[in-house]
Amino acid sequence: MKVVVQVVEKVISEAHIYIPNGLTESTIKQYIVDRYNSGEMTPDLNIFQVDFESISATIVHNQDSVDIQEEAA
């Protein structure tokens, strides 16, 4: 029997970084976005939390299939 399973999770990552003092709020936001987009922050990111969103399974019998789905409460 072939079963195709798809799990959807929301992953929250957290990084503790140091930024220069004296920046405005908008400059801080841009600094963080620039570090993230450049990949410079990637080594600092650690998985903080994983939330289950949904799981679905499709049981495949020859040409027929049966879908089973469950959402997180």
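Our subject in this report is the structure included herewith.

Thresholds, definitions, all that
Residues numbered from 1 in each chain as written. Predicted model: local features only at pLDDT ≥ 70, side-chain atom pairs only at ≥ 80, totals over all residues. Heavy atoms only, no water. Salt bridge = Lys/Arg side-chain N within 4 Å of Asp/Glu carboxyl O. Helix = DSSP H or I, 4+ residues; strand = E, 2+ residues; numbered from the N terminus. Buried < 20%, exposed > 50% of the residue type's maximum accessible area, 1.4 Å probe, protein only.

1. A short note on the pattern of salt bridges
Part 1 of the reasoning: Applying the stated rule across the entire model yields four salt bridges.
Part 2 of the reasoning: A salt bridge links Asp51 to Lys10, with the shortest nitrogen-to-oxygen separation between them at 3.9 Å. In this pair, Asp51 sits in strand E2 (residues 46–61) while Lys10 sits in strand E1 (residues 2–14), placing the two residues 41 residues apart along the sequence.
Part 3 of the reasoning: Take Asp51: its relative accessible area is 22%, and that puts it in the partly exposed class.
Part 4 of the reasoning: Residue class for Lys10 comes out partly exposed when judged on its relative accessible area of 42%.
Part 5 of the reasoning: Between Glu40 and Arg35 there is a salt bridge whose closest N-O contact spans 3.7 Å.
Part 6 of the reasoning: In this structure Glu40 comes out as partly exposed when scored by relative accessible area, which is 47%.
Part 7 of the reasoning: We classify Arg35 as buried; its relative accessible area is 11%.

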